[in-house]
Amino acid sequence: MNTQPLLEVQNLSLNRDGRAILQNVNLRVYPGQVHALLGINGSGKSSLAYALMGCAGYQPDSGRIWFDGQEITGLPIDERARLGLTLAWQEPARFEGLPVGSYLSLGMDRPHDAALSKTDRERVQAALAAVNMPAKTYLRRSVDATLSGGERKRIELAAVYAMRPRLAILDEPDSGIDTLSLDDIRALLRRMAQNGTAVLLITHRDEMAAAADMASIMCLGTILFTGETTAAQAFYRNGCQPHLAALGEQPWNGVIQPIKELAR
Ligand SMILES: Nc1ncnc2c1ncn2[C@@H]1O[C@H](COP(=O)(O)OP(=O)(O)O)[C@@H](O)[C@H]1O
Ligand SMILES: [Mg+2]
């Protein structure tokens, strides 16, 4: 491919408490593409997402990250966000009390004190429709504890959709979502790509990767394979999943401290 990658990760490594969490990760995500990052639980996918965003505690020990030709390895999280990088968390945060409509327009490129224009309103409504949430029911509802986990997760996805960042890192977008089918989520990802957002789709389900243009396999903190989605899915089905079935939750159980919260 001749196009310059939007995101380029070179030999990224991250150690915590004396053990390697990420080891020599190399990854390229191209503009307008959906790139799946497939890996079993505990393989390092979320850690890579946090390192890419520049989250506290995830500054790499070595390696470099480039975004749109600019090195961002040392940049703080807000500057990366300004450049167009966004992360939708595996466990989304709550912004207590804000109406859903206002929450969705937060990330949109518009003056914050101005009333929503007709186009902005349509964009917010399209975002809710994209996650199967009727605007009538949800637009004025508060983002608070009365929303279910699945609803919060869908609102978070809708917010990324409305924001149209240059790169959206979606960490297990299907986890905990009750009413969106796999087809719905795959359609949402394709629509994001059509709107000009490249997507790094983090998942442990190979059927999710079907929406991707390319896929990489993560194992033990490194990327073992990058290529055509169907080839990556086959690699995952024939390699990673049997490994998981044979050896339990993580292939390194017992070797390295097992982490309970990874079971979800
Ligand atoms: N801040 C941290 N300190 C120590 N260990 C961590 C930290 N973050 C992640 N890990 C460990 O790194 C490994 C990969 O975790 P994670 O990135 O959450 O995997 P995945 O998202 O693929 O399930 C796990 O063993 C996890 O416990
Ligand atoms: Mg994770």
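Shown above is the structure to which this text applies.
Residues numbered from 1 in each chain as written. Chains lettered and ligands numbered in written order. Predicted model: local features only at pLDDT ≥ 70, side-chain atom pairs only at ≥ 80, totals over all residues.

## Brief notes about the pairing of strand 8 (residues 198-203)
With respect to burial, strand 8 is a largely interior element, six of its six residues being buried. Both faces of strand 8 are covered, namely the face carrying Ala198, Leu200 and Ile202 and the face carrying Val199, Leu201 and Thr203. As paired strands, strand 3 (residues 34-38) and strand 8 are joined by five bridges and run parallel to one another. What sits directly across from His35, in strand 8, is Leu200. Bridge count between strand 7 (residues 167-171) and strand 8: five bridges; the pairing is parallel. Within strand 8, the position partnered with Leu170 by the bridge is Leu201. (Buried ≥ 20, exposed ≤ 12 C-beta atoms within 10 Å, placed from the backbone. Helix = DSSP H or I, 4+ residues; strand = E, 2+ residues; numbered from the N terminus. Pairing = 2+ DSSP bridges.)

## Considering helix 8 (residues 229-247)
Its 19 residues place the ends of helix 8 25 Å apart at the C-alpha level, agreeing with the 27 Å of an ideal helix rising 1.5 Å per residue. Those residues of helix 8 that sit buried are Ala232, Gln233, Tyr236 and Cys240. In this structure, the buried side of helix 8 is in contact with strand 3, strand 9 (214-219) and strand 10 (222-228). Among the residues trailing helix 8, Gly248 stands out with phi positive, at a value near 95 degrees. (Expected span 1.5 Å × (residues − 1). Contact = placed C-beta atoms within 7 Å.)

## A closer look at the sheet that holds strand 1 (residues 7-16)
Backbone-to-backbone hydrogen bonds join strands into a sheet, with any given pair of strands oriented parallel or antiparallel. Pairing within the open sheet is antiparallel, and its four strands lie in the order 2-1-4-5. The two strands at the open ends of the sheet, each matched to only one other strand, are strand 2 (19-29) and strand 5 (70-71). Two strands pair when backbone bridges link them, and strand 1 and strand 2 are joined in this way by seven bridges, in the antiparallel orientation. The residue bridging Asn15 from the neighbouring strand is Ala20, located in strand 2. The sheet contacts of helix 1 (residues 45-53) involve strand 1, strand 2 and strand 4 (62-67), and relative to strand 2 the element is tilted by about 65 degrees. (Axes fitted to C-alpha atoms, helices over the stretch in contact; angles between N-to-C directions.)

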